[in-house]
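# Remarks on the overall topology
Spelled out from the first residue to the last, the chains are:
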Amino acid sequence: MSEEITVVAFLKAKPGSEKIVGDAMAACVAPTLKEEGNISYVPQQDQDDAQTFVFVERWTSRQTLNEHMETPHFKTLIANVKDHLAAPPAVHVLKPVAGI
């Protein structure tokens, strides 16, 4: 059985902070794609609500996700957006539905 997981993380920018949040997310992509265990890492912005950003990520395991959260580039992302978010990030760690 595969340990592969999908992560969907929602970030809500404060009004006027959309560029700061988007730029910080974009800066984290290249180093994350080089991490062992990363399958994909795609930041997106809601077309109907410019303050809402979403990461859609795939990892080989929960452990590789945990290792990602300890990297300097991830910690820099969090430091750069923390004062620009309207709420804490909402992170959903997902696994495939059994039998599919």
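Everything below is about the structure printed above this text.
Anyway, here's the lowdown on the structure attached to this text. (Residues numbered from 1 in each chain as written. Predicted model: local features only at pLDDT ≥ 70, side-chain atom pairs only at ≥ 80, totals over all residues. Heavy atoms only, no water.)

On to helix H1 (residues 18-33), then. The first and last C-alpha atoms of H1 sit 23 Å apart over 16 residues, in line with the 22 Å expected at 1.5 Å per residue. Burial in H1 covers these residues: Val21, Ala24, Met25, Cys28, Val29 and Thr32. All buried residues of H1 fall inside an arc of 160° around its axis, so they share one side. With respect to the buried face of H1, the exposed residues turned more than 90 degrees away are Lys19 and Ala27. (Helix = DSSP H or I, 4+ residues; strand = E, 2+ residues; numbered from the N terminus. Expected span 1.5 Å × (residues − 1). Buried < 20%, exposed > 50% of the residue type's maximum accessible area, 1.4 Å probe, protein only. Arc of directions from axis to C-beta.)

Moving on: the sheet that holds strand E3 (residues 52-59). Spatially, four strands are ordered E2-E3-E1-E4 in an open sheet, and the strand pairing comes out antiparallel. With one partner strand each, in any of the chains shown, strand E2 (38-45) and strand E4 (90-94) form the two edges of the open sheet. For this sheet the average axis-to-axis angle between neighbouring strands, irrespective of direction, equals 10°. (Pairing = 2+ DSSP bridges. Axes fitted to C-alpha atoms, helices over the stretch in contact; angles between N-to-C directions.)

Oppositely charged side chains can form a pair if their charged atoms are brought close together. In the structure shown here, the tally under the stated rule is four salt bridges. Note that Lys12 is salt-bridged to Asp49, the shortest N-O span being 2.4 Å. Separated by 37 residues along the polypeptide, Lys12 in strand E1 (residues 5-12) and Asp49 in the loop between E2 and E3 bring together distant segments of the chain. Given the relative accessible area of 32%, Lys12 is considered partly exposed. (Salt bridge = Lys/Arg side-chain N within 4 Å of Asp/Glu carboxyl O.)

Okay, the packing of aromatic side chains next. Per the counting criterion, the structure on display carries two aromatic pairs. Ring centres 6.4 Å apart and planes at 75° place the aromatic pair Tyr41 and Trp59 in the edge-to-face group. Taken together, the residues Tyr41 in strand E2 and Trp59 in strand E3 connect sequence positions 18 residues apart. Feature note: the residues Tyr41, Phe55 and Trp59 constitute an aromatic cluster, connected by ring pairs. (Phe/Tyr/Trp six-rings, centres within 6.5 Å; stacked < 30°, edge-to-face > 60°.)

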